[in-house]
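# Coordinates in review
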Amino acid sequence: MSEHLVRVLVAAGAVAFVGLGLALPWIKTPAIFVLSYGLAALGVVVMLRGGQISFGHAMFACIAGYTVAFLQRAYPHLDGVVLVAAGVLAASVAGAIIGVFVVRYRAIFFGMLNLALSMVLFSLLSKLYEISGGTDGLRIDRPTLGGISFDRDGYESALLIASVVVAIVLGWLVQRYFRSAAGEALAGIKTNEARLEYLGLSARRILWSGYVISAALVGLSGALFALVQGLVTPEMGYWLRSGEFVFIAILGGSVHALGAFMGAILFTIIKLGAAAWLTGFWQLLLGTTLIIVILAAPTGIAGLLRLGARRAEGDGR
Amino acid sequence: MTVDLLLLALADGVSYAGLLFLVALGLTLIFGVMGIVNVAHGAFFAFGGYTASTFVVAVAQPDTSAFVLLLALVAAAVVVGLLLGTALEAGLLRRVQDKDPILQLLVTFAAFMIFEDLQRFIWGASPRSAAAVVDSLGTIELFDVTYTRYQILLVPTVAIVAYFGLRTFLRRARIGKQIVAVTHSREVATALGINARRIGWLTFVIGAMLGALGGALAAPTTSLVPGIGTEMIVLSFSVVATAGLGQITGALIAALIIGIARSIAVYTMPELEVVVPYLIMVGVLLVRPNGLFTVAQARRI
């Protein structure tokens, strides 16, 4: 995708999100969910760049969400910004520790080990009722944001604007990372790992740093999700949630960081449509769309846009 | 832990290991030929179980013989394996054969999501079972502990028969040898005149039947609920990964280790029941990254 097209899309998206959110208050919550899902999918995209797929990344959203809940229970007056930062930190630390172990594996082993670990977390959170509140989860009260206490409406507006800013900044940073030496090396793991090692680079270390970045992104998504939902449940770490992240990442495509957010928008539209007309067939719809995307457009929306942009350039000359 | 309890746990564990082995056997067989781990395998298990419960409920009268009931279980496995296996292999996997392995994996994952919703649509969310089979076989006493014949005799026997049957089939039968050839190298096998496409379908259906048979045999003793397929795919993968992908004898041993450890946990530390298989897998993979029984392989550069 050309730089110009990306700038136009990002600007249009940001204006649309904030404008629609402020004009139609009911859009605020879904809009924040879209951005939260987009951030998580961005984390999965980082792994996709390295040719790896994780069926358990939602565990990092879950870890961050529960960190927010636990911290607020211990210190009720903590600011929302501090809570989110602590959630991201917890997810990154967990990612750094788990990463040391999982980066030794590739392909299905990588995916299933992540799935197994997330299942362990999910079942522990569901069963240890005294600590985690079991399947009912834990409530989160509305915190102050940056020292200001908002009413419900103002709180959601503030969260929305903050999420848009964070999404743009992180999308840009991740795109920078993809273009950096470390990011190109990460893509090298997908292309040919043995050659990468012959260049003197440690594939494990590169994948590990990618893994920590992706855990932090998914963690941020989970912390935001927890704040806007006001509730954390073990469902946040269920495999279906991880599957949804993967779905968005594939839908959006891994050629550009922007893809994750476009995927998240489409995902939410499908989800709202399914809730209205096809209750109970959510997984069926997800699965079918995923298969269609893989068969028809394996590079996702971002890939299609890049293809379109190249054709347009070709015609111009 | 008393001796009685240990014996009970052992019996439960061996029985559970039998189920686990059947499912893992199917998974590892499919991996051998197709080169992908079929995530939808958990759906074969779930469909096998649910179909078996429907069949058993349909034929069960107070005086139905055990033989007829067992036949119903096997019939369920054959029907599910044939239908779902063919649908997935011929309808979907064949189309993505040449794509990125990640995308192939995702296709099976997507198929799993679809199957799970279909299963909920057909059988609903309330628990199902096929307990009539267990009652029809009666109980047996060993060392003063009462076991059901179904768990202590039937399930392990079926697993052992499947193990030796498959091994003999792969070594002696003409088609079995062809399957082994395709597993080693699809290209060379094709060049030698083997119809790799047909062998691929056949292996997939056999694998799917084994997965469904595991489900069908689980139906009499477990209550089937939505989500059981997910649990099983992760568990059977942990068996296959512990053993090493494609290792049949290894899968038998790994299934025994994980099955028994899990049932000991059920009796002593019930909260940790779910965690134990993963701990074993993680422990094994830390020491031997390719599983217990895998031999070293050359890397392509």
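The structure contained in this document is the topic of the report that follows. (Residues numbered from 1 in each chain as written. Chains lettered and ligands numbered in written order. Predicted model: local features only at pLDDT ≥ 70, side-chain atom pairs only at ≥ 80, totals over all residues. Heavy atoms only, no water.)

## A short note on the overall build of chain B
- If you tally the helices and strands in chain B, you get twelve helices and two strands.
- When its helices and strands are written in sequence order, chain B yields α-α-α-α-α-β-β-α-α-α-α-α-α-α.
- Relative to the 2.2 N^0.38 estimate, which gives 19 Å for 301 residues, the radius of gyration of chain B is 19 Å and therefore close to what a compact globule would have.
- Across its three principal directions, the C-alpha atoms of chain B cover 60 × 45 × 35 Å. (Helix = DSSP H or I, 4+ residues; strand = E, 2+ residues; numbered from the N terminus. Rg over C-alpha atoms; globule rule 2.2 N^0.38 Å.)

## As for the nonpolar core
- In terms of nonpolar packing, the biggest core is built from 208 residues, with Leu106(B) and Tyr150(B) touching the most fellow members.
- Here this core takes 15 residues from helix α9 (residues 203–229) of chain A, the largest share from any one element.
- Setting aside residues no more than four positions away along its own chain, Tyr150(B) makes contact with Leu70(B), Leu73(B), Val133(B), Val134(B), Leu137(B), Val155(B), Ala216(B), Leu217(B), Pro220(B) and Thr221(B). (Core = buried A, V, L, I, M, F, W, Y, C linked by side-chain atoms within 4.5 Å. Buried < 20%, exposed > 50% of the residue type's maximum accessible area, 1.4 Å probe, protein only. Contact = heavy atoms within 4.5 Å.)

## Brief notes about a nonpolar patch on the surface
- Where nonpolar side chains cluster on the molecular surface, the patch consists of Ile161(A), Val165(A), Val169(A), Trp172(A) and Leu173(A) and spans about 470 Å² of accessible area.
- Assignment of secondary structure puts Trp172(A) in helix α7 (residues 152–179). (Patch = residues over 30% accessible without salt bridge, like charges linked within 9 Å, V, L, I, M, F, W, Y side chains within 5 Å. Areas by Shrake-Rupley, 256 points an atom, 1.4 Å probe, with all protein chains shown as cover. Salt bridge = Lys/Arg side-chain N within 4 Å of Asp/Glu carboxyl O.)

## Observations concerning empty space enclosed by the protein
All names here are of chain A.
- Using the criterion set out here, one finds two cavities of 30 Å³ or more in the structure.
- Considering only enclosed or pocket space, the largest cavity measures out at about 50 Å³ in volume.
- Lining the largest cavity, in full, are Ser-36, Tyr-37, Ala-61, Ser-221, Phe-225, Met-236, Arg-241 and Phe-245.
- When contributions to the lining of the largest cavity are tallied by element, the ones reaching two or more residues are α2 (28–49), α9 and α10 (239–252).
- Here the residues of the lining of the largest cavity sort into five nonpolar, two polar and one charged. (1 Å grid on protein atoms, 1.4 Å probe; cavity = no way out; pocket = protein on both sides within 12 Å on 5 of 7 lines; lining within 4 Å. Points joined across faces, edges and corners; volume = space filled by probe spheres on them. Nonpolar A, V, L, I, M, F, W, Y, C, P; charged D, E, K, R; others polar.)

## Here we look at the interface of chain B and chain A
- Counting residues at the interface gives 41 residues for chain B and 43 residues for chain A.
- Linking chain B with chain A are five residue pairs in polar contact (both at pLDDT 80 or more).
- Tallying contributions element by element places helix α4 (residues 101–123) of chain B first for the side of chain B that touches chain A, with 16 residues.
- Tallied by class, the residues present in the side of chain B that touches chain A amount to 31 nonpolar, one polar and nine charged. (Polar contact = N/O pair within 3.5 Å; in protein donor to acceptor, adjacent residues only side chain to side chain.)

## Describing the packing of aromatic side chains
- Enumeration over the complete set of coordinates arrives at 25 aromatic pairs over all chains.
- Relative to Phe164(B), the ring of Tyr163(B) lies with its centre 4.9 Å away and its plane at 70°, an arrangement referred to as edge-to-face.
- What links up through ring pairs into an aromatic cluster is the set Phe33(A), Tyr37(A), Phe225(A), Phe245(A), Phe247(A), Phe267(A) and Trp282(A).
- Here the guanidinium or amino end of Arg49(A) rests over the ring plane of Phe178(A), the centre of that ring lying 4.1 Å away.
- A cation sits over an aromatic face here: Arg262(B) above Tyr16(B), 4.0 Å from the ring centre. (Phe/Tyr/Trp six-rings, centres within 6.5 Å; stacked < 30°, edge-to-face > 60°. Lys NZ or Arg CZ within 6 Å of the ring centre and 35° of its normal.)

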